[in-house]
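Structural characterization, general
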Amino acid sequence: MSPPAFVLRGGRVMDPARGVDAVQDVLLRGGHVVATSDRPLAADGAREVDVSGLWVCPGFIDLHVHLREPGDEGKETILTGTRAAVAGGYTAVVAMPNTRPPNDSALVTRLVQERAAAARLARVWPAGAISKGLAGEEMAELGELAAAGCVCFTDDGRPVMNAGLMRRVLQYARALGRPVMVHEEDLTLAAGGALTEGTQATRLGLLPIPRSAEVSMVARDLVLLEEVGGHLHIAHVSCAESVRLLREAKARGLRVTAEAAPHHFTLTDAAVAEWNTDAKMTPPLRGPEDVAAVRQGLADGTLDAIATDHAPHGILDKQLPFAEAANGVVGLETALPLTLALVRAGVLPVARAIELLSSGPAAAFGLPGGQLLPGGPADVTVVDPVAEWTVEPQRFHSRSRNTPFAGMRMVGRVVHTFVGGRPVFFEGALEKEETP
Amino acid sequence: MKPRARHSLLTTEGMSRSEVESLFARARVHARGLESGRSVRALEGKVVANLFFEASTRTRLSFERAAKALGADVLNFTAQASSVVKGETLMDTVRNVEAMGVAALVIRHSASGAAHLAARHVRCAVVNAGDGTHAHPSQALLDAFTLHERWGSLDGKTVLILGDVLHSRVARSNLFCLTTLGAHVVFAGPPTLMPAGLEEMGGRLAPSLEAALAEADAVMVLRVQGERQTAGYLPSVREYARLYGLSAERAARLRPGAVVMHPGPVNRGVELAPEVADGPANVILAQVSHGVAVRMAILEACA
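Structural notes, computed from the coordinates. (Residues numbered from 1 in each chain as written. Chains lettered and ligands numbered in written order. Predicted model: local features only at pLDDT ≥ 70, side-chain atom pairs only at ≥ 80, totals over all residues. Heavy atoms only, no water.)

**Some thoughts on the pairing of strand 3 (residues 32-37) of chain A**
Residues and elements named next belong to chain A. Two elements, strand 2 (residues 20-29) and strand 3, share five bridges in a ladder whose sense is antiparallel. In the strand pairing of strand 3, leucine 28 is matched with valine 33. Taken together, strand 2 and the strand that follows it, strand 3, pair antiparallel across an intervening segment of two residues, in which glycine 30 is found at a positive phi of about 65°. (Pairing = 2+ DSSP bridges. Helix = DSSP H or I, 4+ residues; strand = E, 2+ residues; numbered from the N terminus.)

**Things to note about unusual backbone geometry**
Residue and element names in this part refer to chain A. The peptide bond linking arginine 100 to proline 101 adopts the cis configuration, its omega dihedral lying at 0°. Among the structural elements, proline 101 can be located in the loop between strand 7 (90-95) and helix 2 (106-119). Here the bond from threonine 282 into proline 283 is cis, since omega is -10°, no more than 30 degrees from zero. Of note, proline 283 is situated in the loop between helix 9 (262-266) and helix 10 (288-300). At arginine 120, a position not held by glycine, the phi torsion is positive, near 55°. For tryptophan 275, which is not a glycine, the phi torsion comes out positive at approximately 65°. Relative to the assigned elements, tryptophan 275 resides in the loop between helix 9 and helix 10.

**What about the interface of chain B and chain A?**
Counting residues at the interface gives 27 residues for chain B and 17 residues for chain A. Around 1,600 Å² of area is buried between chain B and chain A when both sides are counted, 60% of it from carbon and sulfur atoms. At the boundary of chain B and chain A, one finds one salt bridge. Where chain B touches chain A, the interface holds eight residue pairs in polar contact (both at pLDDT 80 or more). Looking at the side of chain B that touches chain A, the elements with two or more residues in it are helix 3 (90-99), helix 4 (114-120) and helix 6 (169-180) of chain B. The greatest single-element share of the side of chain B that touches chain A, amounting to four residues, is contributed by helix 4 of chain B. Counted by class, the side of chain B that touches chain A contains twelve nonpolar, nine polar and six charged residues. (Contact = heavy atoms within 4.5 Å. Buried area = accessible area lost by both parts, 1.4 Å probe. Salt bridge = Lys/Arg side-chain N within 4 Å of Asp/Glu carboxyl O. Polar contact = N/O pair within 3.5 Å; in protein donor to acceptor, adjacent residues only side chain to side chain. Nonpolar A, V, L, I, M, F, W, Y, C, P; charged D, E, K, R; others polar.)

**Side note on the pairing of strand 1 (residues 6-15) of chain A**
Residues and elements named next belong to chain A. The element strand 1 is extensively covered by neighbouring structure, given that eight of its ten residues are classed as buried. When strand 1 meets strand 2, the two strands line up antiparallel, connected through eight bridges. Residue pairing in the sheet places leucine 8 in a bridge with valine 26 of strand 2. Counted along the chain from strand 1 to the antiparallel partner strand 2, the turn is four residues long, and its residue glycine 19 has a positive phi close to 70°. Of the pairings in the sheet, the one linking strand 1 to strand 4 (residues 47-50) comprises four bridges and is parallel in character. Bridge pairing links arginine 9 to aspartate 50 in strand 4. (Buried < 20%, exposed > 50% of the residue type's maximum accessible area, 1.4 Å probe, protein only.)

**Some remarks on the sheet that holds strand 8 (residues 123-126) of chain A**
Residues and elements named next belong to chain A. The three strands lie next to each other as 6-7-8, forming an open sheet whose pairing is parallel. Every other strand in the sheet has two partners, leaving strand 6 (60-65) and strand 8 as the edge strands with one partner each. Each neighbouring strand pair of the sheet contributes to a mean axis angle of 20°, computed without reference to strand direction. As judged from the four bridges shared by strand 6 and strand 7, these two strands associate in the parallel manner. Note on strand 7: the bridge partner recorded for phenylalanine 60 is tyrosine 90. (Axes fitted to C-alpha atoms, helices over the stretch in contact; angles between N-to-C directions.)

Below, the structure written as structure tokens:
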């Protein structure tokens, strides 16, 4: 059944991939963007939605989300995770494979796809494992995973410590036309640490994670990429030196893309003060110079996408002494206002901010969407750029509450989210599932 | 009964000089009481629970002696004999013990921040008896008290903290406590065991051990553990003893009247040569006896 048609009237259409920033009408019909126009479009039976004063953007795409299903449904499910996604303006998310069992086989890939189809909310693009059982030893059946629909390969949550395996995976994935996404953390350097090396870690008596744990792995993988080719994607870049290495690699023409997470461009390790385990993640929060460098990387194109690394955890995983608490924070429902904060701070032009949430990630992984192209999928996010609100974790659509932004004032909120032309989130609320 | 403001002692960071000095004044009273056998029975009818999730003999005995001298009933809990092994969490344990009607929980735990976590979830007082590599405030207070009683004041004195600072809660708590009292704190030890940020926290790194010894009024020798060798921080305990141990020759470089301290238990022949540990400069047993008086002052203020 084809979804109803909509005319979005009088919004500021921001479509950076097409260089559009203008007040336009947008017509969605048959699951596609049919037309965008400076002149009023005839409704022709379509439902008219007044979006004047709002921004009409390509649906946001998150390259890095942990949906926890199968295996940890107490933290999140594909249903609750995609509810959080559409409430945060995301029309598509890439689901990390570190589930239980991990997505290292087409069987698990298909389960994720089936659950996502049943949820009928955001598009879910599965990421396949690099190694069998995420063990970092033998390559997973990458060809079968690619054929089943995995859009990239990653052992995210764990690094690929074995350089020989990493080199062969880059070679093998190149033939499959898929990026290899890496969680850069040399475990011999991180060595049981819990916080970035520095005064805060020392003060709190937490073993330090030196920046070299990330930077040396970025350097290693860029060397391997230069040698064997392929497409390398660096997840959650957090260090100034990583940004510098990436900038140089891109200048030399290497096929590398990279993402940064809102917590890494917003917070420093000061947020951990007094043992806030909701500010614990890997890579850890860094220092002010690192935050500045990540912001610069987002602005100058060194970093291609903002990705949340949405990592839900239950209270029992977090209500522990810091070193024992689980790593990760939820991010889908706070990414937009944190990105817009960079616009207000003068770090990013507004078009670049939207690009980092939409066409940037789409281009990095070659995913559909990311622009409001007539004929393309009607994945659209409508934003109120001035709405103010306070983060109340108990009101999240996610099943988990582990955010370091609780109580913080935010500016900018998602009003409507359309996926394939269907209003899955409308007027600030999840749409009731229509009866087929 | 009217609920009273709860006092917990979790860290020496942020304690004011007057807070520390008033604890010292009470410790002095308790020290005299212990000597004369007539202690202040300030905690008569109250219960103090010692929750030791990490093995410790000296600190537990010292707290037990202090609580009993104040007239409190003491509950002792050690992790080996408890339900912790059955998966009961720290939170469950502290809430359960609190529900038994205790005035203060004295907590030792191997994880940094454990005492803060407990204090956020109970209404009774929490005294941190050592959490991971974070803090050991009662040890720092008794160390500072020992120096204070000897010198009359710490103002302008230089204390060298020598050894595995990275893993030392004693070093951190002493840094905050000693600088609050006007002393200069200098650190020396293997570079692999020196954490980042000590200068920002108010300390100074010694250019060399020899130079640091020559300017120190007191040397606080930290315990070095065999695990540091297997974890790759040190080539061997033997080499540690040679390069950083306080040998008789190194102790001879100390100023006349300088004192040698150790939080115990001492690895004789490793971080401290036996002749130094037992020599005229050592105040190690004074630290132990002051420990009871200082812990009495802490429990009296908190419980």
